[in-house]
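# Chains, contacts and geometry: an overview
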2 protein chains.
Amino acid sequence: MRKSFFKWRCMENKYPLDGASVKILKALQQDARLSVQDLSGRIGLSSTPTWKRVKEMEKAGVIDHYTAVLNRARVGLKNCVLAEVNLARHVENVVEEFEKAVQEHDAIIECYATTGQADYMLKVVTPDIGEYDAFLHNVIFKLPGVSEIRSSVVLREIKPPSPLPLDHL
Amino acid sequence: MRKSFFKWRCMENKYPLDGASVKILKALQQDARLSVQDLSGRIGLSSTPTWKRVKEMEKAGVIDHYTAVLNRARVGLKNCVLAEVNLARHVENVVEEFEKAVQEHDAIIECYATTGQADYMLKVVTPDIGEYDAFLHNVIFKLPGVSEIRSSVVLREIKPPSPLPLDHL
DNA sequence: GCTGAAACCGATAGGAA
DNA sequence: TTCCTATCGGTTTCAGC
């Protein structure tokens, strides 16, 4: 098993994480508001070293930020669509313009450039499907380089965005 | 514009959110560790009502939980794949078994049932593409009802998972 | 429902093991 | 490094508006 390799220092990573730090990360992914005391209790360290580790991982960018996860339905965003987008390769500056537009529109909450059929995969949230239709026509279709869009409406959330698995460390 | 409808009470939502509460939610999405004092300063309320609103929104499930967002690369998860999965409709209990397996495997960090070509869309993270290949063969292909998989490897993250837009409220 | 003050508890920083 | 302790600041509660 490769696990032992990674136990105290993971060479493949940008940042060395030992068992205690991994436990901290797992706990903070589940509840970012845990007090240092609670954290230290769980991982079997006292609070000062626990606190130092958290601060170091924040500074090193292992912990990027902390966020409140909202219930989409309760804030009136019942509609979620996964959209595959293709760009017309012959148009000038398509990539730059498309990626800039993606950043500017808050309804697009995720976007990846991918291999496979599509050039990009987007996650778009709106109050209802009507608003998505409007967004498609007023925003996406208006972008110069967009040649194809395939929209997949989310029918059911089987697994919501979940903590990153850290057992490989 | 429909905006005025929603200003003080959004009929379509499960929970009524006024301007101050929306500001709180926006701030907490950006930084879940903001102190009540900082929050209250930003929104122009004193700390007691700010605190009460936060607690109420937690209890009402508007705020689902708080999480630490980690840097994928720095915790050794350089590979991310979006996988479309189709199930064979004739096999018994496929849906239940597939969705149960999705919950059990930590490498699958998101899963949606969607309209369109695929039955499901999955997001899978692994240390490298080799581990993804192993995961496909050892886990996904072994599930009885899975008939098709189309994997799109993420080449570049244009927009990481971002705060929900709340301007419609 | 908001304000302000007061009590309590946790976070941060220093020094010792 | 970690632990202990003191200080400081934030959270939470309560009385009054």
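Keep in mind that this is a model prediction, so the values were computed, not measured. (Residues numbered from 1 in each chain as written. Chains lettered and ligands numbered in written order. Predicted model: local features only at pLDDT ≥ 70, side-chain atom pairs only at ≥ 80, totals over all residues. Heavy atoms only, no water.)

### Focus: the sheet that holds strand β5 (residues 146–159) of chain B
- On the basis of which strands lie adjacent, the closed barrel formed by 8 strands has the order β2(A)-β4(A)-β3(A)-β5(B)-β2(B)-β4(B)-β3(B)-β5(A) and antiparallel pairing. Mean inter-strand twist for the sheet, computed between neighbouring axes without regard to direction, equals 35°.
- Summarising the sheet, strand β2 (residues 79–87) of chain A and strand β5 (residues 146–159) of chain A pair through 7 bridges and their orientation is antiparallel. Its bridge partner being in β5(A), L87(A) is matched across the sheet by V146(A).
- Strands β2, β3 (108–114), β4 (120–126) and β5 of chain A of the sheet are contacted by helix α6 (residues 129–140) of chain A, whose axis makes an angle of about 155° with β5(A).
- Strand contacts of helix α4 (residues 94–104) of chain B: β5 of chain A together with β2 (79–87), β3 (108–114), β4 (120–126) and β5 of chain B, with the helix running at about 90° to β5(A), the strand carrying the most contacts. (Pairing = 2+ DSSP bridges. Helix = DSSP H or I, 4+ residues; strand = E, 2+ residues; numbered from the N terminus. Axes fitted to C-alpha atoms, helices over the stretch in contact; angles between N-to-C directions. Contact = heavy atoms within 4.5 Å.)

### Focus: helix α4 (residues 47–59) of chain A
All names here are of chain A.
- Helix length check: α4 (13 residues) gives 18 Å between terminal C-alpha atoms against 18 Å at 1.5 Å per residue, within 8%.
- Taken together, the buried positions of α4 are T50, V54 and M57. For α4, the angular spread of the buried residues around the axis is 70°, confining them to a single face.
- The inward-facing, buried residues of α4 abut α2 (19–30), α3 (36–43) and β1 (63–70).
- Phi for G61, located one or two positions after α4, is positive at around 80°. (Expected span 1.5 Å × (residues − 1). Buried < 20%, exposed > 50% of the residue type's maximum accessible area, 1.4 Å probe, protein only. Arc of directions from axis to C-beta.)

### Here's the deal with empty space enclosed by the protein
- This structure, assessed with the given rule, holds 5 cavities of 30 Å³ or more.
- Here the largest cavity is characterised by a volume of approximately 130 Å³.
- Taken together, 13 residues line the largest cavity, and the ones lying closest to its centre are L82(A), E110(A), K123(A), L82(B) and K123(B).
- Looking at the lining of the largest cavity residue by residue, the class counts come to 9 nonpolar, no polar and 4 charged.
- Of the volumes computed, that of the second largest cavity is approximately 50 Å³. (1 Å grid on protein atoms, 1.4 Å probe; cavity = no way out; pocket = protein on both sides within 12 Å on 5 of 7 lines; lining within 4 Å. Points joined across faces, edges and corners; volume = space filled by probe spheres on them. Nonpolar A, V, L, I, M, F, W, Y, C, P; charged D, E, K, R; others polar.)

### Regarding the packing of aromatic side chains
- Tallied over the entire structure, the rule returns 2 aromatic pairs over all chains.
- Consider the rings of F98(A) and Y120(A), whose centres lie 4.6 Å apart with planes at 40°: the pair is tilted. With a gap of 22 residues between them, F98(A) in helix α5 (residues 94–104) and Y120(A) in strand β4 connect regions that are remote in the sequence.
- For Y120(A), a relative accessible area of 4% gives the class buried.
- The ring of Y66(B) carries the charged tip of R33(A) above its face, separated from the ring centre by 4.7 Å. (Phe/Tyr/Trp six-rings, centres within 6.5 Å; stacked < 30°, edge-to-face > 60°. Lys NZ or Arg CZ within 6 Å of the ring centre and 35° of its normal.)

### Some words on the pattern of salt bridges
- Applying the stated criterion across every chain, the model contains 22 salt bridges over all chains.
- Of the charged contacts in the structure, one is a salt bridge between E58(A) and K55(A), with a shortest N-O distance of 3.3 Å. Residue E58(A) and its partner K55(A) are both found in helix α4; the two are separated by 3 residues, about one turn of the helix.
- For E58(A), a relative accessible area of 24% translates into the label partly exposed.
- With a relative accessible area of 36%, K55(A) lands in the partly exposed category.
- Residue R89(B) pairs with D119(B) through a salt bridge whose shortest N-O separation is 2.7 Å. A residue pair is termed long-range when its members are at least 10 positions apart, and R89(B) in the loop between β2 and α4 and D119(B) in the loop between β3 and β4 qualify at 30 residues.
- The exposed category is assigned to R89(B), whose relative accessible area is 65%.
- D119(B) sits in the buried class, given a relative accessible area of 16%. (Salt bridge = Lys/Arg side-chain N within 4 Å of Asp/Glu carboxyl O.)

### Structural notes on the domain arrangement of chain A
- Assigned domains of chain A: these are domain 1 (2–59) and domain 2 (73–153).
- Put simply, the middle of domain 1 of chain A and the middle of domain 2 of chain A, counted by C-alpha atoms, are 37 Å apart. (Domains from an automatic or database assignment.)

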